[in-house]
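Structural features, examined
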Amino acid sequence: MDNPMDKKVSRRSVLGGSLKAAAALGAGSALFPVLEQRATAQNKPWSFVSDTTSTGKLTVAILGNAASNTVALKAFKAFQAQTGIITTPLFINVATWVDFFEQIETRLIAGVDIDTMNLATEGFRLFASKGVLAPLDTYIAQDKATVNAFYADMNQRTLAQFRQHAQIDGHTYYIPWGYNTMGIWYNRKTFKNGKVSEPSPDWTWDDFLAAATALTKAPNNWGMNLTIDVFQGIEPWIFTNGGQVLNSAWTSCVIDNPAAVEACAFARSLVAKKLAPSPGGTFNQFGSLGQGNLAMMGAGIWPWNYYVENGGGSDLAIVPWPKKVQQGSPVGLASFPILEGSKSKDEAWEFVKYSISESFQANEAVPIEGGMPMRISIANSKSFLKTLPPGAEYFTAALEYATPVVGVTNASAVEGDIDTTWQQILVGSISPSAGLAHLQSKANGELNVS
Amino acid sequence: MSGSDTFPLLARVGLSRSLHRVRLRRWLVSAVLVVGGFTMLLPELWVLVNSFEPSRMQFTLPPVWFTSHLTLASYRQLFDLIPFLMQLANSVAVTVAVVVGSSVVSVLAAYAFARLEFWGRDVLFVALLSGLMLPIQIAAIPEFIEVKYLGLLNSQLSLIFPALIQVFGIFLLREHFKTIPDELEEAARLEGAGELQILRLVVVPLSWPAIYATAIITAQYIWNDFFWPNLYITSASRMVAPLGLVTLQNAYQSGPVGAIFAGLSILVIPVAVFFVFVQRQLMEGLGFAGISR
Amino acid sequence: MGQQGELTLPASRLRARQSRSSRARARRRAGMKAYLLVSPALVLFIAFIAVPVVGIVVFSFLQWDLLTPPKFAGLANFRMLFHDGELPQALFNSLLFDIMTTTLHIVIGMGLAIAVTSVRSRVVRYWARTAFVVPFLMSAGAVAVMWSYILSGSTGPFNYYLTRLGMSPPDWLASGTWALPSLVGVDVWQTVGITFIIFLVGLQTIPSVLYEAAAIDGVGAFQRFHYITLPMLSPATMVASITAFIGAFEIFTWPYVITSGGPGNATLTIMVYIFRVAFRNLELGYGAAVAIVNLLVLVALVLFGFALGRRWVHYERV
């Protein structure tokens, strides 16, 4: 019998064994950063995505999506070329602004350096309340002429709304370089093949319903797609029926009004009649619209990046949202604030100025974030509109009647509740009147908490 | 009278009709099992087939099961959209590191609990057992803070270190180590062996099946886990592969279906194929280890 | 001392070891060595299990959003528990999910195991053991993504085939009544394989003598099941149930990835709720308070389960 004890164990061999293990561990843990470096150095859309290797002076967090990242990258290179400031974009691919804010918060908690980021109206008060935004007053005073010239080139109604909602205690925390309003994107070829005349700019809910009905064919062809969120989903329908979500001072929720109930019922009927796929599932609306399987969808200008990157945009056009009582649309402002914890505030201010400059507005506004440029001179210019699908000018026209989108302090809770109720109504789990009544009381409870 | 002698007797005595019924029943059961098994695998088959189709055929109704237009476009898109290769490497590295590390930790501790006497042994062991029943996600909040202040947030190490303590493994191995005959240990001690030597030369060689079983159970647990990677990792290049796919699905309302199907296929198929070949050893190990999940 | 650092002992030392004081010394030395062996596990346990559990209690007295310094909140979090409308729903959903999934696990797992052992063909047995266990090898995140496409109401293949068969299926993941059962289905699909194996192993430990004796006595198939199989499997059933039960109560991946707790909190389980409160709304203190409630409820349920088990489980040795 082979006695295992014949094999003597020397201290040296135990030591040797543990050294080998330590070496393996060390090699392993050194290997991964190297692999990561190599992975991010490739010329792929997700390259340059770096909260792991911050090489530059400025880190800009962008709400991107996998498809639009390459387009946005070019814009950053232009800024770098112009100003010489090395900029690291940080692409965060999520579906909603609320998710984006969470991701930013998580990174700030984890100690990642972020200097500036996409800020939308929806998240402004949320971030301001956490003290992560730096006031811009001193910078604005420094460059007064530039900023005032920009304000003068803005839609004055929008400027007034901005002044009402975007200042806290008299301090300015952002300058909106762009905006989005809602319109209907439609596939002209689908309309032509279905022998339906293209929508006119002042079309009504009934015109819309007729088109959707004519262009829906089970199982793969849908007339419309509805999304579950505040900006694209529920607000356009409510506003075009003259309803409201919050009161004008944003202190209470008034969504339980007859106009809103009627709007929700109408949207629900689209799903019930199977003109729109059941919302909340996995439906690739951009792809479907491009391929012609979807006739219409609601969006701002942001899908354009997807079509630039993936093709399929040549058949598309845009019209205003169909009206019932009046023309209506939400409006959300986009900006680059400066984060309080930033160590490169001056460079970040350069970036802010760049974002309101004419060259950015004309060439990079749409690609970097999918927002229309705030400068009227650019937004109405023929050369700019030529780069976009026909009908993009309606987005600018909507500024004359648009309502600012909900952007309260506890945005996560309130928006989450609106999204949830909206989905339940669309799916038929709850009636519009009951759902909105419940939502109003819940939202008011949360608004008073803030 | 031994039972096994009676069956041929009964058969010969003409209970052929009930045996016929039994055979029919067995045939039915077999059919159900075969069809049932096939239905279980149908979802993965659908994903696999779709992943090789051109995008206009993917995720359409009726589903396209057979086509001559096979393409690798979805796979290419997958690697373009996320650093999937890196993420796969992360998955493998984390799993291997935890399996190896926790096995070492468990073997050492189980040996001490099983075969050594020391003050406080039973109290400590009972305390450890409490970790067995506790699903640690409950304590996610303080653990997150701990990981943050250890500077491990958003690092693969955050998935490795906390997972090195697998109380189940300690428990299982202790049960097994207790069954090792004392004579072997005494013989080793007489030869002058210390604890580590006994462990390495006597206990472990006799326990490989149990150690493998613990390793396999731990590997499955880590590989399967979604909660901790989701909580700790935010950078795409540090994610484990399943988390990468989930974030890809969440990308701005237009989750690229083809790329996701490609990723799912890569995650599923090799593991399934591997399993088909090692099934017997796995079963033996699990059976040996007794009842486990 | 042996040459070259080898750890051998001369005979004289061996004899000395057998003296009393030396034995005590040896036991103490074994004590030291034992502590060294146990220390990695102990350190890790304290760091990553004990401290966090204590941490939940500590945190429940704080208000902390991680971006600003923590504040002491006294009993405020606990008072909030009673005004929380979503907490009872989360607990209820978790319990419902738990009972459904555990029951299905036991029924299907046992059924499969019995079916497989009753079949003669090795091929069929191998096939069953593979096909039903392969889903268990998939990572939960991947499974969640996969099923969110398959169960998609208007665009997924599952509903398409059901409609072709003449049914009018609901939108599984968007329906208030069907969302939670759908998640149960996904969970059972992925994990029934392991319960199946557990019962398979358990069945093999039942001595065939029992069945043969029953056959001689002319006992029917159903009674064989009721009087032999079920009791003999009860330890396995107990273990499978308890582990399934604990895991299922804390289920996170399915409700988080597939339905995000919706529609309208229909699939909000307790762990998703804690996650949402702590890491989405950044109310860590309140999240800790909810976690304490979670722990207490779980302990109560498990103790109840053990009590049931003591009445029903046979540990007879034949």
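For clarity, every value in this text was computed on a predicted model and none was experimentally measured. Each residue is numbered by its place in its chain's sequence as written, counting from 1. Starting at A for chains and at 1 for ligands, labels are handed out in the order in which the entities are written. Note on the predicted model: pLDDT of at least 70 is required for a residue's local features to be given, and 80 or more for side-chain atom pairs to be given and counted; whole-chain, interface and lining totals, by contrast, use all residues. Hydrogen atoms and water are omitted, and side-chain values are computed over all heavy atoms in the structure.

**Notes on the overall build of chain C**
- Counting secondary structure elements, chain C contains 13 helices and 2 strands.
- The cut-offs for exposure are 20% and 50% of the maximum accessible area for each residue type, with area from a 1.4 Å probe on protein chains only; residues under the lower value are buried, those over the upper are exposed, and the others partly exposed. For chain C, buried positions account for 53% of its 318 residues.
- Contacts in chain C between residues at least 24 apart in sequence constitute 68% of all its contacts with a sequence separation of at least 6.
- Approximately 14,900 Å² of chain C is accessible, and the part contributed by carbon and sulfur atoms is 66%. Working definition: helices are DSSP H or I runs of at least four residues, strands are E runs of at least two. Numbering for both runs from the N terminus. The contact criterion used throughout is that any non-hydrogen atoms of two residues lie within 4.5 Å. Only the protein chains shown count as cover for residues, and the accessible areas themselves come from Shrake-Rupley with a 1.4 Å probe.

**Section: the interface of chain C and chain B**
- Contacts between the two partners involve 101 residues from chain C and, on the opposite side, 95 residues from chain B.
- Summed over both partners, buried area is the accessible surface (1.4 Å probe) that two parts give up on being assembled. Approximately 8,700 Å² of surface area, both sides summed, lies buried where chain C meets chain B, with 77% of it carried by carbon and sulfur atoms.
- Any carboxyl oxygen of Asp or Glu that lies within 4 Å of a side-chain nitrogen of Lys or Arg is treated as forming a salt bridge with it. The interface formed by chain C and chain B contains 0 salt bridges.
- Contacts described as polar in this section are N or O atom pairs within 3.5 Å, which, within protein, must combine one atom able to donate a hydrogen with one able to accept it, while residues neighboring in sequence count only if both atoms come from side chains. Here chain C is connected to chain B by 11 residue pairs in polar contact (both at pLDDT 80 or more).
- Each residue is assigned to one class: nonpolar for Ala, Val, Leu, Ile, Met, Phe, Trp, Tyr, Cys and Pro, charged for Asp, Glu, Lys and Arg, and polar for all the others, Gly among them. Broken down by class, the residue content of the side of chain C that touches chain B amounts to 78 nonpolar, 18 polar and 5 charged.

**Overview of the packing of aromatic side chains**
- Two rings from Phe, Tyr or Trp (for Trp, the six-membered ring) form a pair when their centres sit within 6.5 Å of each other. Planes less than 30 degrees apart are called stacked, planes more than 60 degrees apart edge-to-face, and all others tilted. Following the criterion strictly, the structure yields 58 aromatic pairs over all chains and no others.
- Centre to centre, the rings of Phe261 of chain B and Tyr149 of chain C are 5.4 Å apart; their planes meet at 80°, and the pair counts as edge-to-face. Taken together, the residues span two chains, with Phe261 of chain B in helix H14 (residues 257–289) and Tyr149 of chain C in helix H6 (residues 140–150).
- What links up through ring pairs into an aromatic cluster is the set Phe144, Phe226, Phe227, Trp228 and Tyr232 of chain B together with Phe252, Tyr256, Phe275 and Phe279 of chain C.
- Criterion for a charge above a ring: Arg CZ or Lys NZ at most 6 Å from the ring centre, at most 35 degrees from the ring normal. Over the face of the ring belonging to Tyr151 of chain A we find Arg163 of chain A, whose NZ or CZ atom lies 5.2 Å from the ring centre.
- The ring of Tyr149 of chain B carries the charged tip of Lys148 of chain B above its face, separated from the ring centre by 5.1 Å.

**Examining the pattern of salt bridges**
- As enumerated under the stated definition, the model contains 16 salt bridges over all chains in all.
- The partner of Lys324 of chain A in a salt bridge is Glu262 of chain A, with the nearest N and O atoms 3.8 Å apart. Residue Lys324 of chain A is found in the loop between strand E11 (316–320) and strand E12 (330–335), and its partner Glu262 of chain A is found in helix H11 (residues 258–272); the two are separated by 62 residues along the sequence.
- By relative accessible area, which is 42% here, Lys324 of chain A ends up partly exposed.
- For Glu262 of chain A, a relative accessible area of 38% translates into the label partly exposed.
- Note that Asp182 of chain B is salt-bridged to Arg115 of chain B, the shortest N-O span being 2.8 Å.

**A few points about the interface of chain C and chain A**
- Taken together, the contact between chain C and chain A spans 21 residues of the former and 24 residues of the latter.
- Where chain C abuts chain A, roughly 2,000 Å² becomes buried across the two surfaces, and 58% of that area is made up of carbon and sulfur atoms.
- Where chain C touches chain A, the interface holds 2 residue pairs in polar contact (both at pLDDT 80 or more).
- Classifying every residue of the side of chain C that touches chain A gives 7 nonpolar, 10 polar and 4 charged.

**Regarding the sheet that holds strand E8 (residues 183–187) of chain A**
All names here are of chain A.
- Pairing within the open sheet is mixed, and its 4 strands lie in the order E9-E10-E8-E11. The open sheet has two edge strands with one neighbour each: strand E9 (222–225) and E11. Averaged over all pairs of adjacent strands, the angle between strand axes in this sheet comes to 20°, irrespective of strand direction.
- Pairing between strands is defined by DSSP: at least two bridges between the two strands are required. In this sheet, strand E10 (residues 294–299) lies alongside E9 in parallel orientation, the contact comprising 3 bridges. Within the sheet, the bridge partner assigned to Met224 lies in E10 and is Met296.
- An axis is simply a line fitted to the C-alpha atoms; with a helix, the fit covers only the stretch in contact. Between two such axes, the angle follows the N-to-C directions and lies from 0 to 180 degrees. Running over the sheet, helix H9 (residues 205–215) touches E9 and E10 and is turned about 140° from E10.

**Brief notes about helix H6 (residues 144–152) of chain A**
Residue and element names in this part refer to chain A.
- Of all the residues in H6, the buried ones are Val147, Phe150 and Tyr151. Summarising the axial view, the buried residues of H6 lie within an arc of 100°, below the 170-degree limit, and thus occupy one face. Across H6 from its buried face, at more than 90 degrees, point the exposed residues Ala145 and Ala152.
- Of the surrounding elements, those touching the buried residues of H6 are helix H5 (137–142), helix H7 (156–165), strand E7 (176–181), helix H14 (345–355) and helix H15 (358–363). To obtain the arc, one takes the directions from the helix axis to the C-beta atoms.

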